[in-house]
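Residue strings, one per chain:
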Amino acid sequence: APDRDSPIYPELRGLITKTLGPPAVLGRFLAGIPGIRAAAIFGSWAARYRGEPGEAPADVDLLVIGSPDTSAVHRACRLAEDDLGRLVNAVILSPEEWAGRRSGFLRTVARGHLVPVAG
């Protein structure tokens, strides 16, 4: 276990979080929630991660596919926000909704960059 009393702990923790990034942090908080079939980051954070130029993202957009308890997912997102220092916006879809991609929004998400969440 890390020594949280060490004077370098805050900086080391920040460096690790920035190095591993949102996929690992979100994966850690989502891991214990039953009903999640898949989770991925989309939007501007995913685009920058995949090398698309642009401004640094102010938030992280999270796609969760499955039938989890929505309050548990939102609670996990709030916890991840503390580690990441940025807002996490979750979109929760059933597998059927994701497969159907009936809205323009879902078609855009599916065509864009998706970064799988660890775990």
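Rules of the game
- Residues numbered from 1 in each chain as written.
- Predicted model: local features only at pLDDT ≥ 70, side-chain atom pairs only at ≥ 80, totals over all residues.
- Heavy atoms only, no water.
- Helix = DSSP H or I, 4+ residues; strand = E, 2+ residues; numbered from the N terminus.
- Buried < 20%, exposed > 50% of the residue type's maximum accessible area, 1.4 Å probe, protein only.
- Contact = heavy atoms within 4.5 Å.
- Areas by Shrake-Rupley, 256 points an atom, 1.4 Å probe, with all protein chains shown as cover.
- Lys, Arg positive; Asp, Glu negative; His and termini not counted.
- Charge placed at Lys NZ, Arg CZ, Asp CG, Glu CD.
- Phe/Tyr/Trp six-rings, centres within 6.5 Å; stacked < 30°, edge-to-face > 60°.
- Lys NZ or Arg CZ within 6 Å of the ring centre and 35° of its normal.

What about the overall build of the chain?
- A count of helices and strands for the chain gives 5 helices and 4 strands.
- Along the chain, helices and strands appear, N-terminal first, in the series α-β-α-β-α-β-α-α-β.
- Across its three principal directions, the C-alpha atoms of the chain cover 50 × 35 × 20 Å.
- Expressed as a percentage of the 119 residues in the chain, the buried residues total 34%.
- Residue pairs at least 24 apart in sequence account for 69% of intrachain contacts in the chain once pairs closer than 6 positions are excluded.
- About 7,300 Å² of surface is accessible on the chain, with carbon and sulfur atoms providing 55% of the total.
- Side-chain charges in the chain split into 14 positive and 13 negative, and the spacing between the mean points of these groups amounts to 7 Å.

Side note on the packing of aromatic side chains
- Under the counting rule described, the total for this entry stands at 2 aromatic pairs.
- Arranged with centres 6.0 Å apart and planes meeting at 75°, the rings of Phe-42 and Phe-105 form a pair that is edge-to-face. With Phe-42 in strand 1 (residues 36–42) and Phe-105 in helix 5 (residues 104–111), this residue pair connects regions lying 63 residues apart in the sequence.
- Judged by relative accessible area, Phe-42 falls into the buried class, the value being 9%.
- For Phe-105, a relative accessible area of 42% corresponds to the partly exposed category.
- Ring plane angle 20° and centroid distance 4.9 Å describe the contact between Trp-45 and Tyr-49, whose orientation is recorded as stacked. Placement of both Trp-45 and Tyr-49 in helix 2 (residues 44–49) is noted, with a separation of 4 residues, approximately one turn of the helix.
- Here Trp-45 falls in the buried class, since its relative accessible area comes to 11%.
- Above the face of the Trp-98 ring, Arg-101 is positioned so that its terminal group lies 4.3 Å from the ring centre.

A word on unusual backbone geometry
- With phi around 40°, Arg-101 is a residue other than glycine that occupies positive phi space.
- Positionally, Arg-101 belongs in the loop between helix 4 (95–100) and helix 5.

Scope: geometric values only; no functional claims are made or implied.
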